[in-house]
Amino acid sequence: MLLKSVVSIDIGSSLIKLVQLSQSGGKIRLERLGVIDNPISNFRTDGYRVGKDAMARAIRYSLKKSRIKTKDAVSSLGGSSIIIQYFKFPPLSGEELDSAVKLEAQRVMGGKLNSMETDFYILPQNQKEAEGQEILFAAVPKEMVRQRMETLQQAGLSPIAIDIDCLALANCFLRLKHIASDEQVMVLNLGARLLSMG
């Protein structure tokens, strides 16, 4: 569920994009938009260490220039160090499922698990064909999350959610499809090096 007003920050390899969204009467409204060059050309490798301050300043500048006032912020992360995995288990209770996911993640990831923020989601199934539970498991390096949180906070924002790029796009598509069930919906992800649509 969308809060009354939220700013979404997309930090890309070339641009930093900001949108202020609100929800009213079941509709999502784009209120403000800001785009600024990313001051750190190699931020995915070592940019946070050397240019976190410059990135926070750029976000602050874009917020002011775009007249975005809301402080609640959401963002997403991408990259090869993020792990998304599907697990399948027999029907299990809540605590049993938590333990099973943790054990399977440990088997798949080994020692890396301790340095990752993890979460999982039970995927909906057709009851006639259900033989167990399918789980979508996601893991993101804790350091990536910490760096993004610090950058947003340094820019004067209050991060309320950090998602994974591809899952954020899927959630956006599902949310829009739910709101506009009678209409055709397409989500386009335009970046300097990547174009994807769903």
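Residues numbered from 1 in each chain as written. Predicted model: local features only at pLDDT ≥ 70, side-chain atom pairs only at ≥ 80, totals over all residues. Heavy atoms only, no water.

## Observations concerning the pairing of strand β7 (residues 133-141)
For clarity, the cut-off: Throughout this description, buried means an accessible area under 20% of the type-specific maximum (1.4 Å probe, protein chains only), exposed means over 50%, and partly exposed covers the range between. Strands here are runs of E lasting at least two residues and helices are runs of H or I lasting at least four, both read from the DSSP assignment and numbered beginning at the N terminus. If DSSP finds at least two bridges between two strands, the strands pair.
Buried residues dominate β7, accounting for 8 of its 9 residues. As judged from the 7 bridges shared by strand β5 (residues 83-89) and β7, these two strands associate in the antiparallel manner. Its bridge partner being in β7, Phe87 is matched across the sheet by Ile135. Of the strand pairs in this sheet, strand β6 (residues 116-122) and β7 are connected by 7 bridges, and their pairing is antiparallel. Bridging across to β7, Glu117 finds its partner in Val140.

## Looking at the sheet that holds strand β3 (residues 27-37)
Which entries qualify depends on this criterion: The axes are straight lines fitted to the C-alpha atoms, using for helices just the contacting stretch, and the angles between their N-to-C directions are given from 0 to 180°. Whether two residues touch is decided by their heavy atoms; if any such pair falls within 4.5 Å, the residues are in contact.
One open sheet accounts for 5 strands, arranged β3-β2-β1-β4-β8; its pairing is mixed. Single-partner strands in this sheet number two, and they are β3 and β8 (158-164). Strand-to-strand, the axes of this sheet are offset by a mean angle of 25°, without reference to chain direction. Pairing geometry for strand β1 (residues 5-11) and strand β4 (residues 72-77), over 3 bridges, is parallel. The residue of β4 that forms the bridge with Val7 is Ala73. Contacting β2 (15-24), β3, β4 and β8, helix α4 (residues 165-179) crosses the sheet at an angle of about 100° to β8.

## Considering the pattern of salt bridges
Definition in use: Put simply, a salt bridge is a Lys or Arg side-chain nitrogen that is within 4 Å of an Asp or Glu carboxyl oxygen.
All told, the structure shown has 5 salt bridges when counted by the stated rule. A salt bridge links Lys17 to Asp10; the shortest N-O distance between them is 3.3 Å. Of the residues examined, Asp10 reaches a relative accessible area of 28% and is grouped as partly exposed. Between Arg146 and Glu150 there is a salt bridge, and its shortest N-O distance comes to 2.4 Å. One end of the pair, Arg146, and the other, Glu150, are both in helix α3 (residues 142-154), 4 residues apart, so they sit about a helical turn from each other. Arg146 sits in the partly exposed class, given a relative accessible area of 35%. A relative accessible area of 26% places Glu150 in the partly exposed class.

So, to be careful, I would describe these as geometric facts and stop short of saying anything about function.
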